[in-house]
Amino acid sequence: MPEPLQAPKGTRDVLPPESDRWQSLVARFATACGAAGYGLIQSPVFEDAAVFHRVGESTDVVRKEMYVFEDRAGRKLALRPEGTAGVVRAYVQHRPPTPWKVWYAAPNFRYEAPQAGRYRQHHQLGIEVLGTDDPDLDVEVISIASDLYRGIGLTKYTLLLNSLGDDECRPAYNQSLTDFLLPRRDDLCDEHKERAAENPMRVLDCKKKACRDATREAPRITDHLCEACKAHFERVQEGLSALEIDFVIEPRLARGLDYYTRTTFEFQHHEIEASQSAIGGGGRYDKLAAELGGSPTPGIGFGSGIERILLAADAEGVFATPEARVDVFVIDVVGGAHARDITAELRRAGIKADRAFDGRSMKSQMKQADKTGARLAIIVGEDEAAAGEVTIRDLSSSEQRRVSRTDLLEELRP
Ligand SMILES: [Zn+2]
Ligand SMILES: [Zn+2]
């Protein structure tokens, strides 16, 4: 016999009943996005590798963790390591009317050391909007994320907020930060000793103690914003306060990707391990469309890992796996044709129904009914079949009554 094969290292199967929770999370997100005028985007799982190289050349995600391969025609492709670049590529390609508001639920791929909660294929919910730099949109995007977390019962997290400035004010800030860092280079962590000048803001975002300590007195971007960036940032804060969304300003927050401008944010959960405490985040990327060859178009988005959200839900003991997959379980011990017909009739009427197969005993079918979490069993035995009736049994109270088969649907309607 051949050896059974396994899922690739760093990946996992999501099976029922765990996947019921996934489905319900994605459904909530889809409903929330639909209610705010967002449409679904399905972009390819792989893109021309240049899409990601152009926007993240100096990031670890692109340099070290991307799955890059050649197809049979020699095209250099990459599995999507994050959600935004492909969506912006699609925007540039199709030039839809703006504001263009889209959402997605899709996998990302990163070749990184597998550990709990980190997978080589992980799944993300996200939204992206292109075509306006109105700060009220930043508030809308953040509030959709925040409402999703609140809606499933999460409370133990903090929203960190920052502005990274723009071409007007960031170069001068970067210079003063570099001037601050260079004389202190020996105090930084090993990685940043070498690379401090490449992207000085990333040193501030470094989680290593050496970098933290050495940058305690470093200049803060929030003190160096130009008038336009300052006004934008203030309007965002005002909006969040108006919507009663708590936040903390964190001038160190830069996030991993190069393309952010102005508003940047991250939701950090308090009860999951620090290296993966970010349950979601995002920001503005007003230069990204131009970097991908489009006309300059402001944009903003956020992404949130499904695995991380569920880890946080487990840590807080909220958003449990739904207990029942069906409402009604049909038990037929006279051959199965009744079960076949009744389940079809109920499903067509919008009632979730399931049944047993293979002509099992009454006892075995009852057991199966209990396992599904169904509230009601519809039982068809010899007596019922002969009388043209069925028994409706409440599976929690064990109360039951016989009704005419033709009245069944009417009887089940609330
Ligand atoms: Zn560092
Ligand atoms: Zn500015």
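Here, every reference points to the structure presented above.
(A) Quick look at the overall build of the chain. For the chain, the helix and strand inventory stands at 16 helices and 16 strands. Taking the principal axes of its C-alpha atoms as reference, the chain extends roughly 90 × 60 × 45 Å. Here the chain, with 414 residues, has 49% of them falling under the buried criterion. Summarising the internal contacts of the chain: among those between residues at least 6 apart in sequence, 69% fall at separations of at least 24. Accessible surface, the chain: about 20,900 Å² in total, of which carbon and sulfur atoms supply 49%. Once the 55 positive and 66 negative side-chain charges of the chain are each reduced to a mean point, those two points are 3 Å apart.

(B) Representation of the coordination of the zinc ion (ligand 1) within the structure. Of the protein atoms, only C189 (SG), H192 (ND1), C206 (SG) and C211 (SG) coordinate the zinc ion (ligand 1), at distances of 2.1 to 2.3 Å. Here the donor residues of the zinc ion (ligand 1) are spaced in sequence according to C-x2-H-x13-C-x4-C. Placement of H192 in helix α7 (residues 190-195) and of C211 in helix α9 (residues 209-214) is noted, with a sequence separation of 19 residues between them. Each member of the pair, H192 as well as C211, carries the same accessibility label: buried.

(C) Representation of the packing of aromatic side chains. In the structure shown here, the tally under the stated rule is nine aromatic pairs. With a centroid separation of 5.9 Å and 90° between ring planes, the pair formed by F29 and W103 is classed as edge-to-face. Highlighted residues: F29 in helix α1 (residues 18-35) and W103 in strand β5 (residues 100-109), separated in sequence by 74 residues. Since its relative accessible area comes to 0%, F29 is described here as buried.

(D) Layout of the sheet that holds strand β3 (residues 68-70). The sheet built from three strands is open, its strands ordered β2-β4-β3 with antiparallel pairing. The open sheet terminates on both sides in strands that have one partner only, identified here as β2 (46-48) and β3. Averaged over all pairs of adjacent strands, the angle between strand axes in this sheet comes to 40°, irrespective of strand direction. Bridge analysis of β2 against strand β4 (residues 76-79) gives three bridges, and the strand direction is antiparallel.

The rules behind the values
- Residues numbered from 1 in each chain as written.
- Chains lettered and ligands numbered in written order.
- Predicted model: local features only at pLDDT ≥ 70, side-chain atom pairs only at ≥ 80, totals over all residues.
- Heavy atoms only, no water.
- Helix = DSSP H or I, 4+ residues; strand = E, 2+ residues; numbered from the N terminus.
- Buried < 20%, exposed > 50% of the residue type's maximum accessible area, 1.4 Å probe, protein only.
- Contact = heavy atoms within 4.5 Å.
- Areas by Shrake-Rupley, 256 points an atom, 1.4 Å probe, with all protein chains shown as cover.
- Lys, Arg positive; Asp, Glu negative; His and termini not counted.
- Charge placed at Lys NZ, Arg CZ, Asp CG, Glu CD.
- Donors = N, O, S within 2.8 Å, 3.2 Å for Na, K, Ca; no water.
- Phe/Tyr/Trp six-rings, centres within 6.5 Å; stacked < 30°, edge-to-face > 60°.
- Pairing = 2+ DSSP bridges.
- Axes fitted to C-alpha atoms, helices over the stretch in contact; angles between N-to-C directions.

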